[in-house]
Amino acid sequence: MNQHVPIHEDDRLAKRNALVLAGAQALGGANPAIVVSLGGIVGAQLVADKAFATVPVSLLQLGIASGVIPAAMIMRRLGRRSGYLLGALIGAAGASFAAGGATLRLFWLFCLGTFICGLYGAFVQSYRFAAADTASESFKPRAISWVMVGGLLAGVIGPQSVYWTRDLTPAAPFAASFLAQGGLALLAILIVSQLRAPPVAAVRSGGGRPLGEIMRQPKFIASVTAALVAYGLMSFVMTSAPLAMVACGHSVGDAALGIQWHVLSMYGPSFFTGRLIARFGKGTVTVTGLLLTALAAVVGLSGLSVGHFWLALILLGLGWNLGFIGATAMVTDCYRPEERVKVQAANDFLVFGSVAIASFSAGGLLSHGGWESVNWLVFPPVVLALAAVAWQRFQRPAAA
């Protein structure tokens, strides 16, 4: 395949939109980074049974899964830009509820806030698809990668927001961090307002094949399987890691830095992931990401030092980047322009539904089985996803 992917005249709007969405991703991506860094720690302060400590983080993932279809319906009716503006307002409201729950020491209110933050995340997660909407076939992987680069900044903005605000409200630990999270969502409004998405009429256009027919395509099955495994395992291990580090005697600061390195490794490779896809192919990059996820589990099983935790989280982030971006690029091959909204929503519902299940199971498994059990459970889903991608490659000539 060509190593150089030119930006055609028709891709100038796609380039502009990708840059705008990368900026929005830098702010919106800090939303889950803050909840993941603090959700389990604050939850442990608010609930007696520590098995429920990660529920706030799990509700973030459930909010994303619950929000992808309503978000798609809103954007189908109002357009991408209006939908993203509404999403940012929802994010600010969710952060305010979370801050209120931390201040009043009400676990249910804190959980409600993180769930609403997940609804905001449902809008943010579709930024990558919005970048591909106006891109040519050859530019789509790079457009998606450009947006994901914004997450690299989110990996700094989120943890640093926690670092600088965590002690501002001594009577309500970390409440100020969630208020900062809401402020970032409001700032995102200024950036998203610059988006020049396709006309609403184009997004609304009907027709196309039935969703069931599209979802039966071997490439769709393989891409969704790979995406949900890459994202689900990342969430499963990431949710457990901060609590596991603290349980092993490491500091909260070490745990927060581990999450920062993890988020940076999630988005840092996006500078070149698009070029890797152009050179080696979507399936190869996806498989590499899945193998890196398995390698992260191997490191996690090999020791309990800070270095082992950090290296495992870094490899986990790298695996997520290659696996998830590669699988996302595969999904864009499965639909026609008039089918994109419903297919994207179906893809994200399946992916983030599995992520929510993985996140909910993490706290209980960590409490009863320990960090070792969390890592051992990584391998079967990876094998399943690798088999699905291999099966899709075998089926492709027949499908054509």
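Please read these numbers as outputs of a predicted model, since none were measured by experiment.

### A short note on the overall build of the protein chain
Counting secondary structure elements, the protein chain contains 17 helices and 0 strands. Within the protein chain, the proportion of its 400 residues that are buried is 59%. When contacts within the protein chain are restricted to residue pairs at least 6 apart in sequence, those whose partners lie at least 24 apart make up 86%. Accessible surface, the protein chain: about 15,200 Å² in total, of which carbon and sulfur atoms supply 69%. The distance from the centre of the 26 positive side-chain charges to the centre of the 14 negative ones in the protein chain is 4 Å.

### What to know about helix α3 (residues 55-78)
End to end, α3 covers 33 Å across 24 residues, agreeing with the expected 34 Å (1.5 Å per residue, within 8%). The principal kink in α3, of about 40°, is found at G67, preceding the proline P70 by one to four residues. Once α3 ends, the next one or two residues include G79, with phi positive near 100°.

### Some details on the nonpolar core
Here is a general trend for soluble globular proteins: nonpolar side chains tend to be buried in one another's company. The biggest cluster of nonpolar side chains holds 111 residues, and the ones touching the most others in it are Y84 and F178. With 13 residues, the single largest contributor to this core is helix α11 (residues 218-247). When sequence neighbours within four positions are dropped, the list of residues in contact with Y84 reads L21, M75, F123, S126, Y127, A130, V192 and L195. The next biggest cluster of nonpolar side chains, apart from the first, holds 8 residues, and it includes I214, F220, V331 and V343.

### Some remarks on the side chain of N321
Locating N321 in the fold gives a position in helix α15 (residues 306-331). Every residue in contact with N321, bar those within four places of it in the chain, is listed here: S265, M266, Y267, P269, S270, T273 and G326.

### Observations concerning the environment of R16
The residue R16 is located in helix α1 (residues 12-28) in this model. Looking at R16, the relative accessible area reads 32%, which means it is partly exposed. Put simply, R16 and G232 are 216 residues apart on the chain and 31 Å apart in space, counted from C-alpha to C-alpha. Ignoring anything within four residues of it in the chain, the contact list for R16 reads Q194, L195 and R196.

### Observations regarding the packing of aromatic side chains
A complete count under the given rule lists 8 aromatic pairs for this structure. A centroid spacing of 5.3 Å and a plane angle of 90° characterise the contact between F139 and W146, whose relative ring orientation is edge-to-face. Residue F139 shares its accessibility class with W146, and that shared class is buried. Aromatic ring contacts, followed pair by pair, group Y231, W320 and F324 into a single cluster.

### Regarding helix α8 (residues 175-192)
In this model, α8 (18 residues) spans 26 Å end to end at C-alpha, consistent with the 26 Å of a helix rising 1.5 Å per residue. For α8, the full list of buried residues reads A175, A176, S177, F178, Q181, G182, L184, A185, A188 and V192. Considering only its buried residues, α8 is in contact with α1, α2 (30-46), α4 (80-104), α5 (107-125), α6 (127-133) and α7 (140-165).

### Details of unusual backbone geometry
A negative phi angle characterises most non-glycine residues, just as the trans form characterises most peptide bonds. One non-glycine residue, R105, lies in positive phi territory at about 60°. Within the secondary structure, R105 sits in the loop between α4 and α5. What makes R105 partly exposed here is its relative accessible area of 46%. The phi dihedral of F174 is positive, around 75°, even though this residue is not glycine. Its place among the elements puts F174 in the loop between α7 and α8.

### What to know about the environment of I357
Along the chain, I357 turns up in helix α16 (residues 340-376). A relative accessible area of 61% places I357 in the exposed class. As for I357 and L59, which are separated by 298 residues in sequence, their C-alpha atoms are 9.8 Å apart.

### Section: the confidence of the model for the protein chain
Any region with low pLDDT has predicted coordinates that should not be read closely. Put simply, the protein chain has an average pLDDT of 84, and 94% of its residues get 70 or more. Considering only residues more than four positions removed or in separate chains, one finds that residues 1-8, a stretch of pLDDT under 50, has 19 contacts. Note that pLDDT drops below 50 for residues 200-205; the model gives that stretch 13 contacts with residues more than four away or on any other chain.

### Regarding the packing of α2 against α5
Contact geometry for α2 and α5: axes closest at 11 Å, N-to-C directions at 165°. Of the possible angle classes, the one that applies to α2 and α5 is roughly antiparallel. Relative to α5, α2 is oriented so that their crossing is left-handed. For the pair α2 and α5, the contacting residues are N31, V35, G39, V42, G43 and L46 in the first and F107, F110, T114, C117, Y120 and G121 in the second. Across the contact of α2 with α5, the residue classes tally to 7 nonpolar, 5 polar and no charged.

What counts, and at which threshold
- Residues numbered from 1 in each chain as written.
- Predicted model: local features only at pLDDT ≥ 70, side-chain atom pairs only at ≥ 80, totals over all residues.
- Heavy atoms only, no water.
- Helix = DSSP H or I, 4+ residues; strand = E, 2+ residues; numbered from the N terminus.
- Buried < 20%, exposed > 50% of the residue type's maximum accessible area, 1.4 Å probe, protein only.
- Contact = heavy atoms within 4.5 Å.
- Areas by Shrake-Rupley, 256 points an atom, 1.4 Å probe, with all protein chains shown as cover.
- Lys, Arg positive; Asp, Glu negative; His and termini not counted.
- Charge placed at Lys NZ, Arg CZ, Asp CG, Glu CD.
- Expected span 1.5 Å × (residues − 1).
- Bend = angle between axes of the 7 residues up to and from the residue.
- Core = buried A, V, L, I, M, F, W, Y, C linked by side-chain atoms within 4.5 Å.
- Phe/Tyr/Trp six-rings, centres within 6.5 Å; stacked < 30°, edge-to-face > 60°.
- pLDDT = per-residue confidence, 0-100.
- Axes fitted to C-alpha atoms, helices over the stretch in contact; angles between N-to-C directions.
- Parallel < 35°, antiparallel > 145°, perpendicular 65-115°, else oblique.
- Left-handed = near helix turned anticlockwise from the far one by under 90°.
- Nonpolar A, V, L, I, M, F, W, Y, C, P; charged D, E, K, R; others polar.

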